[in-house]
Amino acid sequence: MTTTRFAPSPTGYIHVGNLRTALMNYLIARKAGGTFILRIDDTDPERSKEEYVDAIKEDLEWLGLTWDKVERQSERLDRYAEAADKLREIGRFYEAFETPTELDLKRKKQLNMGKPPVYDRAALELSDAEKDALRAERGNGVWRFKLDQARIDWTDGILGDISIDAASVSDPVLIRGDGQVLYTIASVVDDTDMGVTHVVRGSDHVTNTATQIQIMAALGHGHPEFAHHSLLTGPQGEALSKRLGTLALRDLREAGVQPMALLSLMARLGSSDPVELRTEMAELIEGFDINRFGSAPTKFDAEDLYPLTGRYLQSLPVSAVAADLDALGVPADAQEGFWAVAKENITTLKDLAGWWALCRDGAEPLIAEEDEEFVAEAMALLPEGPYDSESWGKWTAAVKEKTGRKGKGLFMPLRKAVTGMERGPDMSALLPLMQVIRARG
Ligand code: GLU
């Protein structure tokens with residue numbers, strides 16, 4: 001039974017970077033008919049906020065990335081304590097008392113000597129009496145997992161064969177001095193308890209994975225399949241990490257981006273398959289293959305979301321936007337015609353307001369000085385509305401006959417006079433929707 005999880009820490013809003021993680025895990029579970037868990041990594045009571053938990057759920061729901069169950073690490077502290085006891089029992093867990101400053105100093109010395117800055121395990125040499133003395137002086141120490149200094153190998157779903165020398169990695173701290181359980185062990189316990197079969201996460205977690213594989217083994221378990229996706233960069237390859245805050249899903253939603261546009265892009269970006277707009281989640285699930293993703297950093301340009309959003313909207317029947325049209329005050333009997341015209345000329349639903357205002361109120365006419373006389377003549381030939389799909393053709397034919405103008409010289413000044421713009425919907429379709437033509441004067 002395939003089980004995946006998306007495990008955000010509720011310390012901020014979801015952005016395009018973690019959306020990728022969520023989506024990949026979701027698609028793997030759905031494609032296999034498995035289970036998708038939303039796991040809230042909230043072991044840090046100071047930084048975790050309930051409002052972010054709510055926001056994460058809201059954002060995932062907006063996207064349609066529904067989960068089968070929610071787990072919260074803050075409710076599983078007993079399980080983590082049990083695992084910690086087991087590691088102590090089997091001699092793989094030790095208390096260390098170095099202050100951050102001392103650790104920093106050690107690292108600097110190692111670097112100066114051209115050595116990798118790996119924790120030197122000095123705490124392993126402490127006698128019980130020395131530990132008692134340090135504890136009395138400094139409070140409880142941190143608890144480190146004693147890595148087995150061998151190579152750690154796995155075949156990664158994206159990166160291929162990985163081999164990491166555990167000797168090049170510091171023994172990870174799993175419990176802080178104040179007793180706070182850290183993600184590294186909590187995640188291991190959760191993944192094994194919950195039967196997680198596939199873990200997809202960012203390549204910034206590769207070293208974590210190496211240590212987690214050993215912790216899982218120490219606790220008597222095998223490990224899930226791992227896949228580490230590349231990190232996103234900006235369009236020029238620049239690091240995105242600092243800007244991710246501005247690429248929060250709620251900001252994209254606010255800007256009018258449609259969920260299927262965002263999902264279609266993220267399900268393919270960085271893979272060998274082209275980005276194609278999908279209008280149904282089922283199609284995304286069907287076409288997803290984690291093995292087709294590459295390890296190179298993935299360029300992301302938020303601008304790409306808008307053409308996809310426009311194309312998605314064009315695929316929608318009027319019934320799908322009825323609520324939006326109601327909100328704009330488009331009368332029920334005008335909605336079908338309005339949508340048919342407007343949808344070809346919008347990027348997001350926000351653009352509808354402008355087109356509706358044009359139909360309802362008309363536009364400030366745009367008339368070049370040399371066209372003033374021509375437009376006045378043409379307006380005199382424009383019959384009273386309401387107009388139908390033939391009105392524009394009949395009117396321009398009459399104007400042509402009267403003035404002798406044709407082609408662009410005929411149509412463009414009239415379009416500009418009626419709509420106030422040089423470009424826009426097909427005039428034959430637009431004219432019937434127009435209730436006011438201000439160029440009539
Ligand atoms: N809470 C961790 C993070 O957001 C989860 C990483 C993982 O998927 O294991 O980075």
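Here's what I pulled together on the structure shown here.

**Regarding the overall build of the protein**
Across its full length, the protein holds 18 helices and twelve strands. Here the protein has a C-alpha radius of gyration of 31 Å; the compact-globule value for 441 residues is 22 Å, and the former is much larger. Burial analysis of the protein (441 residues in total) assigns 47% to the buried set. If you take every contact in the protein between residues at least 6 apart in sequence, the share linking residues at least 24 apart comes to 75%. As presented, the protein carries roughly 21100 Å² of accessible surface, and 49% of it is formed by carbon and sulfur atoms.

**Re the pattern of salt bridges**
Tallying each qualifying case throughout the model produces 34 salt bridges. For Asp-42, the salt bridge is made with Arg-72, and the minimal N-O distance between the two is 3.0 Å. A residue pair is termed long-range when its members are at least 10 positions apart, and Asp-42 in the loop between strand 2 (35-40) and helix 2 (50-63) and Arg-72 in strand 3 (residues 69-72) qualify at 30 residues. Note on Asp-42: relative accessible area 6%, which makes it buried. The partner of Asp-193 in a salt bridge is Arg-79, with the nearest N and O atoms 2.7 Å apart. In this pair, Asp-193 sits in helix 6 (residues 183-193) while Arg-79 sits in helix 3 (residues 77-89), placing the two residues 114 residues apart along the sequence. In this structure Arg-79 comes out as partly exposed when scored by relative accessible area, which is 30%. Among the charged side chains, a salt-bridge network with shared partners connects Arg-5, Arg-39, Asp-41, Arg-76, Arg-79, Glu-82, Asp-190, Asp-191 and Asp-193.

**Examining the environment of Asp-388**
Position of Asp-388 among the secondary structure elements: in the loop between helix 15 (372-381) and helix 16 (391-403). Linking Asp-388 and Asp-85, residues 303 residues apart in sequence, is a C-alpha distance of 80 Å. Setting aside its immediate chain neighbours within four residues, Asp-388 contacts Ser-428 and Pro-432. Within the structure, Asp-388 has its side chain in polar contact with the backbone nitrogen of Glu-390 (distance 2.8 Å).

**Topic: the pairing of strand 4 (residues 93-96)**
Burial of strand 4 is two-sided: the residues Phe-93 and Glu-95 facing one way and the residues Tyr-94 and Ala-96 facing the other way are all buried. The pairing of strand 4 with strand 5 (residues 142-145) spans four bridges and is antiparallel. Bridge pairing in strand 5 places Glu-95 opposite Trp-143.

**Considering helix 6**
Counted residue by residue, helix 6 has eight buried out of eleven residues, so it is predominantly covered. Taken as a whole, helix 6 has its buried residues at Thr-184, Ile-185, Ala-186, Ser-187, Val-188, Val-189, Asp-190 and Asp-191. Buried residues along helix 6 sit against strand 1 (3-6), strand 2, helix 3, strand 8 (173-175), strand 9 (198-202) and helix 7 (206-218). Trailing helix 6 by a residue or two, Gly-195 shows a phi angle of about 65 degrees, which is positive.

**Some details on the side chain of Thr-3**
Structurally, Thr-3 can be placed in strand 1. Overall, Thr-3 belongs to the buried group, its relative accessible area being 7%. In contact with Thr-3, other than residues within four places in its own chain, are Thr-35, Ile-37, Met-194, Gly-195, Val-196, Thr-197 and His-198.

**Topic: the sheet that holds strand 5**
What the three strands build is an open sheet, ordered 4-5-8; its pairing is antiparallel. A single partner strand is all that each edge strand has here, and the edge strands are strand 4 and strand 8. Direction aside, the axes of adjacent strands within the sheet are offset by 45 degrees on average.

**Re helix 14 (residues 352-361)**
All buried positions along helix 14 are accounted for by Leu-352, Trp-355, Trp-356, Leu-358 and Cys-359. Buried residues of helix 14, viewed axially, fall in a sector of 155 degrees; they line one side. At the exit of helix 14 stands Gly-362, carrying a positive phi of roughly 75 degrees.

**Thoughts on the packing of aromatic side chains**
In the structure shown here, the tally under the stated rule is eight aromatic pairs. Ring geometry for Tyr-26 and Phe-36: centres 5.5 Å apart, planes at 85 degrees, overall edge-to-face. Note that Tyr-26 is positioned in helix 1 (residues 16-31) and Phe-36 in strand 2, a separation of ten residues in sequence. Here the two residues Tyr-26 and Phe-36 agree in accessibility, since each one is buried. Seen from their ring centres, Phe-288 and Phe-293 are 5.7 Å apart, and the 45 degrees between their planes marks the pair as tilted. Looking at Phe-288, the relative accessible area reads 6%, which means it is buried. The lysine or arginine in question, Arg-405, covers the ring of Phe-374, its NZ or CZ lying 4.0 Å from the ring centre.

Rules used throughout
- Residues numbered from 1 in each chain as written.
- Predicted model: local features only at pLDDT ≥ 70, side-chain atom pairs only at ≥ 80, totals over all residues.
- Heavy atoms only, no water.
- Helix = DSSP H or I, 4+ residues; strand = E, 2+ residues; numbered from the N terminus.
- Rg over C-alpha atoms; globule rule 2.2 N^0.38 Å.
- Buried < 20%, exposed > 50% of the residue type's maximum accessible area, 1.4 Å probe, protein only.
- Contact = heavy atoms within 4.5 Å.
- Areas by Shrake-Rupley, 256 points an atom, 1.4 Å probe, with all protein chains shown as cover.
- Salt bridge = Lys/Arg side-chain N within 4 Å of Asp/Glu carboxyl O.
- Polar contact = N/O pair within 3.5 Å; in protein donor to acceptor, adjacent residues only side chain to side chain.
- Pairing = 2+ DSSP bridges.
- Axes fitted to C-alpha atoms, helices over the stretch in contact; angles between N-to-C directions.
- Arc of directions from axis to C-beta.
- Phe/Tyr/Trp six-rings, centres within 6.5 Å; stacked < 30°, edge-to-face > 60°.
- Lys NZ or Arg CZ within 6 Å of the ring centre and 35° of its normal.

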